[in-house]
Amino acid sequence: MKKTLVLSYTPRDNSNTKKMLDFFIENNQDKTEITFVDLAEEAPDLLLKENLNLYVNRNFGGIELTDEQQKVLAKNDKMMQQLLDTDFVVLATPMYNFSVPATVKAWFDAVIQAGKTFGYTETGVQGFCKNTKALILITSGSDFGLEPYKSVNFATPFLITAFDFLGIPAETITKFGMIQYADKLEQMIEDAKEEIKVVSDIWY
Ligand SMILES: Cc1cc2nc3c(=O)[nH]c(=O)nc-3n(C[C@H](O)[C@H](O)[C@H](O)COP(=O)(O)O)c2cc1C
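Description of the structure in this document. Please read all numbers here as calculations on a predicted model, not as lab measurements.

1. Some remarks on helix 4 (residues 74-84)
For an α-helix the count is 3.6 residues per turn, leaving residues at separations of three or four pointing the same way. By the burial criterion, the buried members of helix 4 are Asn76, Asp77, Met79, Met80 and Leu83. End-on, the buried residues of helix 4 take up no more than an arc of 160°, which puts them together on one face. Packing partners of the buried residues in helix 4 comprise strand 1 (3-8), strand 2 (33-38), helix 2 (49-60), helix 3 (67-72), strand 3 (88-94) and helix 5 (102-111).

2. Some remarks on the pairing of strand 4 (residues 118-121)
By the bridge criterion, four bridges tie strand 4 to strand 5 (residues 124-127) in an arrangement that is antiparallel. Across the sheet, residue phenylalanine 118 finds its bridge partner in strand 5, namely glycine 127. From the end of strand 4 to the start of strand 5, which pair antiparallel, there are two residues.

3. A closer look at the site of the ligand
The environment of the ligand is made up of 16 residues, and the closest members are Arg12, Ser15, Thr17, Met95 and Ser142. Within the side chain of threonine 17, an N or O atom sits 2.5 Å from an oxygen atom of the ligand. One of the side-chain nitrogen or oxygen atoms of threonine 139 is found 2.8 Å away from an oxygen atom of the ligand. Bound to the protein, the ligand loses 77% of the 630 Å² it would expose on its own. A class-by-class count of the residues in the shell around the ligand yields seven nonpolar, eight polar and one charged.

4. Remarks on unusual backbone geometry
The step from glutamate 147 to proline 148 runs through a cis peptide bond, and the omega angle for that step is 10°. Even without glycine at this site, asparagine 97 takes up a positive phi of about 45°. Here asparagine 97 is to be found in the loop between strand 3 and helix 5. Here asparagine 97 falls in the exposed class, since its relative accessible area comes to 71%. You will see that phenylalanine 98, though not glycine, has its phi angle at about 75°, which is positive. If you trace the backbone, phenylalanine 98 turns up in the loop between strand 3 and helix 5. Looking at phenylalanine 98, the relative accessible area reads 40%, which means it is partly exposed.

Scoring rules and cut-offs
Residues numbered from 1 in each chain as written. Predicted model: local features only at pLDDT ≥ 70, side-chain atom pairs only at ≥ 80, totals over all residues. Heavy atoms only, no water. Buried < 20%, exposed > 50% of the residue type's maximum accessible area, 1.4 Å probe, protein only. Helix = DSSP H or I, 4+ residues; strand = E, 2+ residues; numbered from the N terminus. Arc of directions from axis to C-beta. Contact = heavy atoms within 4.5 Å. Pairing = 2+ DSSP bridges. Near = heavy atom within 4 Å. Polar contact = N/O pair within 3.5 Å; in protein donor to acceptor, adjacent residues only side chain to side chain. Areas by Shrake-Rupley, 256 points an atom, 1.4 Å probe, with all protein chains shown as cover. Nonpolar A, V, L, I, M, F, W, Y, C, P; charged D, E, K, R; others polar.

Next up, the structure:
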């Protein structure tokens, strides 16, 4: 059975992004082995002075770390290994302040590791997760599909670029304007479910 890594950052009570993700899980849990990571309960470690230098020394400098030093990187390494071990990734997140929530960015900082998930080759930088596919479920309060907001949507371009850097093509189901178009909320969620079905049928 194919494996799916589900990354959920949907902490708000009655989260609309969670409704979309719950539908994905209900629809597919019999067809794939799901590993569920709740990024609102367990955040990756931010890259701070100690772990950043250990990571750079190990992954770029080729320096072997002690067991104690390895332990400092263990949480983020585990998240990276979950990505290496999966066939599919589903990421559910709202837009926060024109971009992704810090925890979601921290997940990418954890898993984008030189020599492991990407590397420098004769033909340039390459992502190593080439057999993986991703689905992004993202919502926002305002309509970021229209100007003046469209050009300051740093969320979906970041997510698509970051997955692409890892070698992972990403489909995006975007429901912008959940607050702005509150009267169309239910319809937007129903539309998202139809789009989720289409992707699920292709995947499994
Ligand atoms: C901290 C915070 C920051 C937000 N920033 C934005 C934003 O930059 N643009 C926007 O359109 N909506 C923003 N919103 C609204 C959410 O993106 C929107 O309500 C989303 O649908 C919430 O998803 P949820 O129902 O899964 O919690 C923000 C909400 C919060 C709580």
